[in-house]
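The lines below spell out each chain.
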Amino acid sequence: MKRMYGMLVFGILIVGSLVYVMLFDSDRSPSSYEKTTISQLEMKVHPESTVEELKDMLAKYDRDVAPQINNEFERKLAERMYVEKKMYEEAVDVEQLLIRAKKQASFDRAWLAHAKGEYGIVVTDEAIDEWIEKGPDSEVIESQSRYAEAKEMSVYELNHDYYRDQYVKWVVWEALIPLVTKRYEASSEQVLDNNRLIELYEQEVENSL
C-alpha cells in the first residue's frame, strides 16, 4: 500500500471514527470501510466538532452504551461508531450498535489470525510503533488534537493506544499485499488493485469463520 494513500487515510481516520458509519449499512461486510477509494474517503471528512462537543458525545456514550459491553475491544469499537453517528447528528440505535461492534471485533480478530495462520504474517510492537511514528505522529492535525483532548489523553496515547488496533491492520496489510497478489494474479480475470485484493482477502477471512 502506498504511503501516500496511507497518510491520506490517517487524516480522515483521526478526524473522528475511522469511517465506521459505513458499518451501519447492512449491505456491507464488517470491514468494508477499508475498500473505500481515495475519492470516496475525501467525501467523508467529518463535520468539525469542538472539544466540548466531543466530550459530551463521549460522556453520553459512557452513560448509555458502555455499561452494556463487557469486552474492552468491543467497547472501543462501539465508542467510535457512536461518535461517528453523533457527529452527523444521526440517531443511534443502541441495540444495533452493540451487534455491529461485536461483529466488527470478531471479524478483526479473525482478520489478523488469518494473516498469521495462512500467510505467516506477524508484526512486532516495535514495528507498529515505528510505523505510527512515521505516520500519525509525524504531523499532528487539529482534529486529532481535539479528539485526544476530549478523551483526556495525549496525541501519542491516542495514536499508539486508542487507534493502535487499526494501525496494526495497516502494517499487516502492507505485508499481505505481495502475498495475496501472488496467490491470485495468475487466475484472476480482474485487475488486482488494492480494493480487489482486500475483497479477495476478506473472502478468505469470512470463509474461515
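Everything below is about the structure shown above.
Residues numbered from 1 in each chain as written. Predicted model: local features only at pLDDT ≥ 70, side-chain atom pairs only at ≥ 80, totals over all residues. Heavy atoms only, no water.

Chemist: Pulling in residues and values, what's your account of the nonpolar core?
Modeler: Core analysis: the biggest nonpolar cluster contains 38 residues, and W111, Y147, W173, L176, V180 and Y201 have the highest contact counts within it. Counting residues per element, the ones that place at least two in this core are α3 (51–64), α4 (72–87), α5 (94–119), α6 (125–134), α7 (142–150), α8 (155–162), α9 (164–184) and α10 (194–208). The residues contacting L176, other than those within four sequence positions of it, are W111, A115, Y119, I121 and Y201. Formed by eleven residues, the second largest nonpolar core is a distinct cluster that contains I69, L77, L97 and A105. (Core = buried A, V, L, I, M, F, W, Y, C linked by side-chain atoms within 4.5 Å. Buried < 20%, exposed > 50% of the residue type's maximum accessible area, 1.4 Å probe, protein only. Helix = DSSP H or I, 4+ residues; strand = E, 2+ residues; numbered from the N terminus. Contact = heavy atoms within 4.5 Å.)

Chemist: An account of the packing of aromatic side chains is needed here, citing residue identities and associated values.
Modeler: Across all of its chains, the model carries ten aromatic pairs by this definition. Ring geometry for Y147 versus Y162: centroids 6.1 Å apart, planes at 50°, classification tilted. Of this pair, Y147 sits in helix α7 while Y162 sits in helix α8; the two residues are 15 residues apart in sequence, bridging distant segments of the chain. You'll find Y147 and Y162 in the same group, each marked buried. Sitting above the plane of the Y162 ring, R80 keeps its charged end 5.1 Å from the centroid. (Phe/Tyr/Trp six-rings, centres within 6.5 Å; stacked < 30°, edge-to-face > 60°. Lys NZ or Arg CZ within 6 Å of the ring centre and 35° of its normal.)

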